[in-house]
Structure formats: C-alpha cells, structure tokens
Amino acid sequence: MKLKPAAFIPELLRHLFKRPATIEYPFEKLKVPDDFRGTPVLKSELCIVCRACVRDCPAFAIEIETLSEEEKKYKMTIHNDRCIHCAQCVESCPTKALFMNDEFEIATDSRLKLKAEYTYTRPKKSGQQSQTG
Ligand code: SF4
Ligand code: SF4
C-alpha cells in the first residue's frame, strides 16, 4: 500500500501543540508515583527490634546488631547494594518504622557508600529513645 505524504499532516499538526512526553533529564526531574519503591529508610524511633524485616528480606540486606542488652541499644545496617527494592521489609514491619523513599539516583563508585547505618535505643513504653546515624 502506498501512503500519501499528506496523510501525515493532521497527525503532525496535532503533535506540534502537545506537551512532550519526555523531560529534560537531568536538568528536570521526573516526579515519581507515591508508591514508588526507592530505598528503604528506618525511622528508628518506631523500631521495636522485632527483626521481622531481617527475617523477611529476600536479599539478606538488613542486619540488626545488639550493642548493649542492658541499655537496649541496637545498630541496624541496611545494605543497599544488596537491596532489590521489593519493599517486603516495609510490608512486614508492624510499627511502620520502615518506608521507601523516592530516590532513584543511587549509582555510586563504591558499594560501601550504599550502606546505611542507624544506632538507636529501643523505645520504652513511654516512647523515650535516642538515635544517631
Ligand atoms: S526493600 Fe526488599 S530487598 Fe530491600 S531491604 Fe527491604 S526487603 Fe530487603
Ligand atoms: S524496622 Fe520494623 S520490622 Fe524491622 S526490627 Fe524494627 S520494628 Fe521490627
């Protein structure tokens, strides 16, 4: 079948006045959807150290170390170089202490830079606690 050049003109004119489907990345950033699965982040003040996230992470990307049993002091390490961004840890956490941020530019020259560490004290019933990192 032979196409006539004029057949394209209406389509061409329609697209002349449409907003482009692409953006000027990296000068302009795409707004990601609300349920975008970026990188897991800990809100340590909500962590009760139940270790459900450690148990359920399919990539073995979360570790919790006990620093002091008496003081209820812990260190969580999230190995983002292993994380597959599945958000299972967020699903499994009973206190909503984990959430996925909206970061997508996480490429780096060393996998060690992807390690996120949180040192914190487990909240008492009154909700008292401290955090570093
Ligand atoms: S998002 Fe998935 S892979 Fe990453 S730490 Fe959570 S459970 Fe593990
Ligand atoms: S982040 Fe949530 S699931 Fe993980 S140990 Fe803390 S309370 Fe438990």
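What you see is a predicted model, and the numbers here were worked out from it, not measured in a lab. (Residues numbered from 1 in each chain as written. Chains lettered and ligands numbered in written order. Predicted model: local features only at pLDDT ≥ 70, side-chain atom pairs only at ≥ 80, totals over all residues.)

**Things to note about the overall build of the protein chain**
- Counting secondary structure elements, the protein chain contains three helices and six strands.
- The linear arrangement of helices and strands in the protein chain, starting from the amino end, is α-β-α-β-β-α-β-β-β.
- Expected size for 133 residues packed as a compact globule is a radius of gyration near 14 Å; at 23 Å, the protein chain overshoots this value by more than 25%.
- Counting only C-alpha atoms, the protein chain reaches 80 × 35 × 30 Å along its principal axes. (Helix = DSSP H or I, 4+ residues; strand = E, 2+ residues; numbered from the N terminus. Rg over C-alpha atoms; globule rule 2.2 N^0.38 Å.)

**Things to note about the site of ligand 2**
- Surrounding ligand 2, one finds 13 residues, the nearest of these being Cys47, Cys50, Ala52, Cys53 and Cys93.
- Of the residues that constitute the shell around ligand 2, the class distribution is 10 nonpolar, two polar and one charged. (Near = placed C-beta within 6 Å. Nonpolar A, V, L, I, M, F, W, Y, C, P; charged D, E, K, R; others polar.)

**Regarding the nonpolar core**
- Of all hydrophobic cores here, the largest spans 15 residues; its most connected members are Leu42, Cys53, Ile62, Ile78, Cys89 and Leu98.
- The biggest single contributor to this core is strand β3 (residues 73-79), with three residues.
- Not counting residues up to four positions away in its chain, the partners in contact with Cys53 are Ile62, Cys89, Ser92, Cys93 and Leu98. (Core = buried A, V, L, I, M, F, W, Y, C linked by C-beta atoms within 7 Å. Buried ≥ 20, exposed ≤ 12 C-beta atoms within 10 Å, placed from the backbone. Contact = placed C-beta atoms within 7 Å.)

Limitation: the analysis is restricted to geometry and does not speak to function.
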